[in-house]
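Understanding the architecture of this molecule
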Number of protein chains: 2
Amino acid sequence: MLLSKSCVYGLRASLYLAAREQGEFIPIRNMSDKLEISFHFLTKILQQLTAEGILESFKGPNGGVRLTREGSEIQLIDIVLAIDGPQLLTECALGLPGCGVKNPCPLHDKWAETRDAIHEMLEKTTLTELVRKGKAENLRLTTDGGFDILFEN
Amino acid sequence: MLLSKSCVYGLRASLYLAAREQGEFIPIRNMSDKLEISFHFLTKILQQLTAEGILESFKGPNGGVRLTREGSEIQLIDIVLAIDGPQLLTECALGLPGCGVKNPCPLHDKWAETRDAIHEMLEKTTLTELVRKGKAENLRLTTDGGFDILFEN
DNA sequence: CCTATTTTGGATAAAAGAGTCTCAATAATG
DNA sequence: CATTATTGAGACTCTTTTATCCAAAATAGG
Ligand code: SF4
Ligand code: SF4
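Residues numbered from 1 in each chain as written. Chains lettered and ligands numbered in written order. Predicted model: local features only at pLDDT ≥ 70, side-chain atom pairs only at ≥ 80, totals over all residues. Heavy atoms only, no water.

Okay, the relation of the copies chain A and chain B next. Here chain A sits on chain B after a turn of 180 degrees about the axis and a move of 0.0 Å along it, with an RMSD of 0.0 Å. In short, the pair behaves as if placed about a two-fold rotation axis. The C-alpha atom lying nearest the rotation axis in chain A is that of L2 of chain A; the distance is 2.4 Å. Most of the interface of chain A is mirrored in chain B, where 100% of its interface residues are also at the interface. (Least-squares fit on C-alpha atoms with pLDDT ≥ 70 in both. Contact = heavy atoms within 4.5 Å.)

Written out as structure tokens, the structure reads:
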């Protein structure tokens, strides 16, 4: 898998947050229910995002979690780096240690291109962009049910 | 990681085989020594490749393993599919089950592009191509030491 | 026929990833 | 102040991946 499960959950939750009113703290329990992710597990992941400064949290009643910046200023890569670290973008196809341009493997040139494509995709895509698309076309963030259903009531 | 470790080992071993004389059975022990991969682990992986018809094996003295086809007719994707299965090419960025074009998530369009790029790279690259490049530029397949060193003595 | 070499296959162990549970800390509300 | 809602943090369990080990089957060569 390209992204770890933690990372995918982090992305889905971030999209959820980006789709809500800015400034509003959302309880993690709400998200875990709507997104069908284990509450405790999601909590852990969001703690990482909080530690990395992507989210901020507030304890107690009416507490929860929210984005520190606008969704339009958060790229997917920010979340991927916060959760999975930079390996994806530095690591190699053949997984040789200390790899790079100076001491490449035969796959390096081709892999570097592909890796750049992945990097670019993650870097150029913002949360808001996906939220807009998701809303416009009612695309799903969970196994079943479209985008809208997540934000009802 | 994009590819599992098993898969990477399988690729490296396949490159090794493609670089040797066609028709010659190479003992797995040789490869595991040269490539610095655990013998037993590599054995398991190559058994999979044998089961998938990418390699054929021969027991006993002078036995070993060799490619069934010419290296120029084996694409990287063949090995990836044999070891990691098709998930990489069918699975989604957001990992939602039963995903596809009919019921996409907001990332689908972008991810599908990236995934196609990966697919194309793996599909268009043959073992021989990489072996040629590796020989020509003495590129490494192990932590240290170039291509040549693997095939000495 | 015997021995050495090599793959096959299964059992087992260690490490990493995914997920669960419990309790403490913080804050709102009556 | 007591209660309740919520995040924070750590221990713990389960699963998958990675790795090790061992005995059995096949084969070449003497
Ligand atoms: S040379 Fe490039 S592709 Fe190969 S292992 Fe190193 S970084 Fe990866
Ligand atoms: S819609 Fe596409 S990108 Fe999204 S989870 Fe499904 S296959 Fe993956």
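In the vicinity of ligand 1, the residues found are C92, A93, L94, G95, L96, C99, G100, P104, C105, H108 and W111 of chain A. Classifying every residue of the shell around ligand 1 by side-chain character gives eight nonpolar, three polar and no charged. (Near = heavy atom within 4 Å. Nonpolar A, V, L, I, M, F, W, Y, C, P; charged D, E, K, R; others polar.)

The full count for this structure, using the stated rule, is zero disulfides over all chains. Among the cysteines around C7 of chain A, which has no disulfide bond, C105 of chain B carries the closest sulfur, lying 13 Å off. Exposure remark for C7 of chain A: the relative accessible area of 0% places this residue in the buried category. (Disulfide = S-S within 2.5 Å. Buried < 20%, exposed > 50% of the residue type's maximum accessible area, 1.4 Å probe, protein only.)

Here we come to the protein's contact with DNA strand D. Near DNA strand D there are 27 residues, and of these I28 and S57 of chain A together with S38, F41 and P61 of chain B occur at the shortest range. Considering DNA strand D, the proportion of its atoms within 4 Å of the protein that are sugar or phosphate atoms stands at 63%. Between a base nitrogen of DNA strand D and a side-chain N or O atom of K44 of chain A, the distance comes to 2.9 Å. Side-chain polar atom of S38 of chain B to a phosphate oxygen of DNA strand D: 2.7 Å apart, as the coordinates give it. (Polar contact = N/O pair within 3.5 Å; in protein donor to acceptor, adjacent residues only side chain to side chain.)

Here the focus is the pattern of salt bridges. Tallied over the entire structure, the rule returns 14 salt bridges over all chains. The partner of E56 of chain A in a salt bridge is R66 of chain A, and the shortest N-O contact between them spans 3.0 Å. Of the two residues, E56 of chain A is situated in strand β1 (residues 55-58) and R66 of chain A in strand β2 (residues 64-67); the sequence distance between them amounts to ten residues. One salt bridge in this structure joins E137 of chain B and K133 of chain B, with 3.5 Å as the shortest N-O distance. Taken as a pair, E137 of chain B and K133 of chain B lie in helix α7 (residues 127-137) at a separation of four residues, close to a single helical turn. Judged by relative accessible area, E137 of chain B falls into the partly exposed class, the value being 46%. Judged by its relative accessible area of 22%, K133 of chain B is partly exposed. When salt bridges with common partners are traced through the structure, they connect D109 of chain A together with K133 and E137 of chain B into a single cluster. (Salt bridge = Lys/Arg side-chain N within 4 Å of Asp/Glu carboxyl O. Helix = DSSP H or I, 4+ residues; strand = E, 2+ residues; numbered from the N terminus.)

Once that is clear, we can look at the interface of chain A and chain B. Counting from both sides, the interface comprises 39 residues of chain A and, opposite them, 39 residues of chain B. At the boundary of chain A with chain B, total buried surface from both sides reaches about 3400 Å², with 66% on carbon and sulfur atoms. Broken down residue by residue, the surface that chain A buries against chain B is led by L94, P106 and R140 of chain A, which jointly contribute 22%. Counting the contacts that link chain A with chain B gives four salt bridges. Two residues, D109 of chain A and K133 of chain B, come together in a salt bridge whose shortest N-O distance is 2.7 Å. Those elements that place two or more of their residues in the side of chain A that touches chain B are α1 (5-19), α6 (108-124) and α7 (127-137) of chain A. By residue number, the principal contributor to the side of chain A that touches chain B is α6 of chain A, which donates seven residues. (Buried area = accessible area lost by both parts, 1.4 Å probe.)

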